[in-house]
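# Chains, contacts and geometry: an overview
Each chain, letter by letter, is given below.
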Amino acid sequence: MVEYSIDEALNVIGFGRLHYLIFFGCFTQQMFVSNEQFGISLVIVAASCDYYVDEHRMSWLMVATFAAQACSSHFMGYQADKIGRRKLMIIASTSCMTASFISSLMPEFWSFLVMRFVMGIFVPGPGMAVLTYLSEFTKFNLRPKVINFLYYAIGVSLMYMAGKQDIRVKIHKNYAITSWRILMWLQLVPGIVSCIIFTCTPESPKYYLSVGKPDKAYAVLEKCCRSSKGKDVTLKSLGIDSLRPPETYALETTKTGCARVWEETKPIFTPPILKPMMLITFTLFLLFGTGFGLTVWIPRALKLGNDLHKDLILCDMIDEAHAKNITFTESPCHLSMRTLEASIYLGACAILFSVLITVLFVWTHRKIILLLMASLSVAGGLMLNFVKIHELVIVGCVFLTVPALCSIRLALSVLIDAIPTHLRSKAVSLSTMFGRVGVLVASMYVGYTLSWNCFVTFNMFVVFMAGVILLVSFLPFDGKTGSRVAL
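Residues numbered from 1 in each chain as written. Predicted model: local features only at pLDDT ≥ 70, side-chain atom pairs only at ≥ 80, totals over all residues. Heavy atoms only, no water.

- Named according to an unreviewed UniProt entry, the protein chain is Synaptic vesicle glycoprotein 2B-like isoform X2 originating from Drosophila arizonae.
- Listed under Sequence similarities (unreviewed entry) in UniProt, the entry text for the protein chain is "Belongs to the major facilitator superfamily." (UniProt positions renumbered as here; feature names shortened; annotations may be inferred.)

### What to know about the overall build of the protein chain
- On a plain count of helices and strands, the protein chain comes out with 22 helices and 4 strands.
- Put simply, the protein chain has 487 residues, and 60% of those count as buried.
- Considering only intrachain contacts with a sequence separation of at least 6, the fraction spanning at least 24 residues in the protein chain is 81%. (Helix = DSSP H or I, 4+ residues; strand = E, 2+ residues; numbered from the N terminus. Buried < 20%, exposed > 50% of the residue type's maximum accessible area, 1.4 Å probe, protein only. Contact = heavy atoms within 4.5 Å.)

### Examining unusual backbone geometry
- Cis rather than trans, the peptide bond between P271 and P272 has omega equal to 0°.
- Within the secondary structure, P272 is located in the loop between α14 (257-265) and α15 (274-295).

### Considering the packing of helix α7 (residues 124-135) against helix α20 (residues 390-418)
- Where α7 meets α20, the axes come as close as 11 Å, and the angle between the chain directions of the two elements is 60°. On the basis of the axis angle, α7 is oblique to α20. Like other packed secondary-structure pairs, α7 and α20 cross with a definite hand, here right-handed. On α20, the residues touching G127, V130, L131 and S135 of α7 are R409, L412 and I416.
- Broken down by class, the residue content of the contact of α7 with α20 amounts to 4 nonpolar, 2 polar and 1 charged. (Axes fitted to C-alpha atoms, helices over the stretch in contact; angles between N-to-C directions. Parallel < 35°, antiparallel > 145°, perpendicular 65-115°, else oblique. Left-handed = near helix turned anticlockwise from the far one by under 90°. Nonpolar A, V, L, I, M, F, W, Y, C, P; charged D, E, K, R; others polar.)

### Details of empty space enclosed by the protein
- For the structure shown, the criterion picks out 5 cavities of 30 Å³ or more.
- Of the pockets and cavities examined, the largest cavity occupies roughly 110 Å³.
- Lining the largest cavity we find 13 residues, and of these Q37, G127, F288, R409 and R436 sit closest to its centre.
- Of all the secondary structure elements, the ones that give two or more residues to the lining of the largest cavity are α2 (17-46), α7, α15, α20 and α21 (421-449). (1 Å grid on protein atoms, 1.4 Å probe; cavity = no way out; pocket = protein on both sides within 12 Å on 5 of 7 lines; lining within 4 Å. Points joined across faces, edges and corners; volume = space filled by probe spheres on them.)

### Quick look at the packing of aromatic side chains
- Taken as a whole and judged by the stated rule, the model has 12 aromatic pairs.
- On the basis of an interplanar angle of 80° and a centroid distance of 4.9 Å, the ring pair of F109 and W110 is categorised as edge-to-face.
- A ring pair is formed by F461 and F464, whose centres lie 5.5 Å apart and whose planes are at 70°; its orientation type is edge-to-face. Of this pair, F461 and F464 both sit in helix α22 (residues 454-472), separated by 3 residues, roughly a single helical turn. You'll find F461 and F464 in the same group, each marked buried.
- Following the ring pairs from residue to residue traces out a cluster consisting of Y133, F137 and F198. (Phe/Tyr/Trp six-rings, centres within 6.5 Å; stacked < 30°, edge-to-face > 60°.)

### Focus: the nonpolar core
- By size, the foremost hydrophobic cluster in this structure holds 146 residues, and its most contacted members are F112, I408 and F458.
- Ranked by residues supplied to this core, first place goes to α20 with 16 residues.
- Not counting residues within four places of it along the chain, the set of residues in contact with I408 comprises Y151, L284, L287, F288 and F292. (Core = buried A, V, L, I, M, F, W, Y, C linked by side-chain atoms within 4.5 Å.)

### Digging into helix α10 (residues 179-186)
- The element α10 is largely enclosed, with a buried count of 6 among its 8 residues.
- Within the span of α10, buried status applies to S179, W180, R181, I182, L183 and M184.

### Concerning the pattern of salt bridges
- Taken as a whole and judged by the stated rule, the model has 10 salt bridges.
- One salt bridge connects R85 with E136, and the closest N-O pair in it is separated by 2.8 Å. Of this pair, R85 sits in helix α5 (residues 85-104) while E136 sits in the loop between α7 and α8 (143-150), and the two are 51 residues apart along the sequence.
- Members of the salt-bridge network, linked through shared partners, are D7, R143, K206, R366 and D417. (Salt bridge = Lys/Arg side-chain N within 4 Å of Asp/Glu carboxyl O.)

### Quick notes on the state of the cysteines
- Using the criterion set out here, one finds 1 disulfide in the structure.
- C315 shares a disulfide with C454; S-S distance 2.1 Å. Every disulfide takes its handedness from the sign of the S-S torsion; for C315 and C454 that torsion is -70°, giving left-handed. Of this pair, C315 sits in helix α17 (residues 314-323) while C454 sits in helix α22, and the two are 139 residues apart along the sequence. Comparing C315 with C454, the two get one shared label, buried.
- Distance from the sulfur of C225, which forms no disulfide, to the nearest cysteine sulfur (C224) is 8.7 Å. (Disulfide = S-S within 2.5 Å.)

### A look at the packing of α20 against α21
- Contact geometry for α20 and α21: axes closest at 9 Å, N-to-C directions at 145°. Between α20 and α21 lies a crossing whose hand is right-handed. Where α20 abuts α21, its residues L412, L415 and I416 lie against R424, A427, V428, S431 and T432.

### Quick look at the environment of I13
- For I13, the position within the fold is in helix α1 (residues 6-13).
- Taking relative accessible area as the criterion, I13 reaches 2% and is therefore assigned buried.
- A C-alpha to C-alpha distance of 8.4 Å links I13 and L235, two positions 222 residues apart in sequence.

### So, α15
- With 22 residues, α15 extends 30 Å between its outermost C-alpha atoms, agreeing within 8% with the 32 Å of an ideal straight helix rising 1.5 Å per residue.
- At F288, α15 shows its maximal bend, which comes to roughly 25°. (Expected span 1.5 Å × (residues − 1). Bend = angle between axes of the 7 residues up to and from the residue.)

And the structure:
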């Protein structure tokens, strides 16, 4: 009897119709997660008059949303390793969509903030599980590339959200169905599509093997085989008689509650896993802070400048707006075309940078790509100190934020390759939890320093990305095709 590991079996099976269906489901799920995380930056600009949102309220809205994500992130990872990636995605994304829809109906800011906090509790589920689910169906040498393709969803999301609408239907007194509420409903569509797809796809075979269900894992791979090679081809006909059990299993423990969660998480903090875990965790703190924490502020900062109708250095634009007492709540409460164009530019550039990463994979490896992306981000941040033309200001904002965004999944793919299956979701959720803490720090930092000293605000993110260059330099090389990191 010939035993294969799952990675060896996936290498024989290849990438077929079922894999493409899973990829499309994960892509739309990632779009939904990105809509919820980035869509608020456009929604809140349009809702400023309804909710009277100034810089401080915006900071607290971001803090509430990402604090909820940070608090629930590890629990979601623990549940993904316990009940399965697919099941968690369906439950968490459905709950997230429900909370998001309710938040869109809220009549005033504080009830809106509470529901965004509730929504934030469920976001880490699909945000984390989509990555592990897709990677566990993908053969090893394609994994970093497929994960990078998944990140095209962020660019599509930023462009998808920029549809311009001017709608206001009065319902009762000061309450109305406006364009920003409709925008929030449209953000849910990719999530609905992904949940429908996931009801038709199987659970991860690696999950089944990690919980001691080799027969179910074999059955899932059989489906993958028939979708890739033809309905008459079976695993046995390819010489795969059975699956080799994993080298490590989840620890058996009699503890319950938080003690059990910690007992099953503790192996992550032991060699040889500890080194990549710490490097990627601190890298994600800085990438999330720059990519997510700053990106949501860009439309608001550009909107202030648009109200001046001048071409100035970004910080001079913001300082003059504050000097003239132009605030977010006093300026026109609709999305100008220039603000929408900024979101479209960000989305298009996110796709272009993802394409660039795909091309670079032909010649080089993840470490060099991560170093290049961080260097471009530093260059973009420095550029904002002297460019005045509006289009060049947008280019500087794009180069500062988008390379950081496009590097997040690539950095996580290093961690995925280094972590055993039964610990993978927990490790990914822990590292992204610290990434979300980075968003909290960045959001509060921008909210309370932007009007005090804008140049310090933006240049601190240049320092962040310089820190990424330093951390990535300690990662080992992994080969041009994304082969296993030698740790």
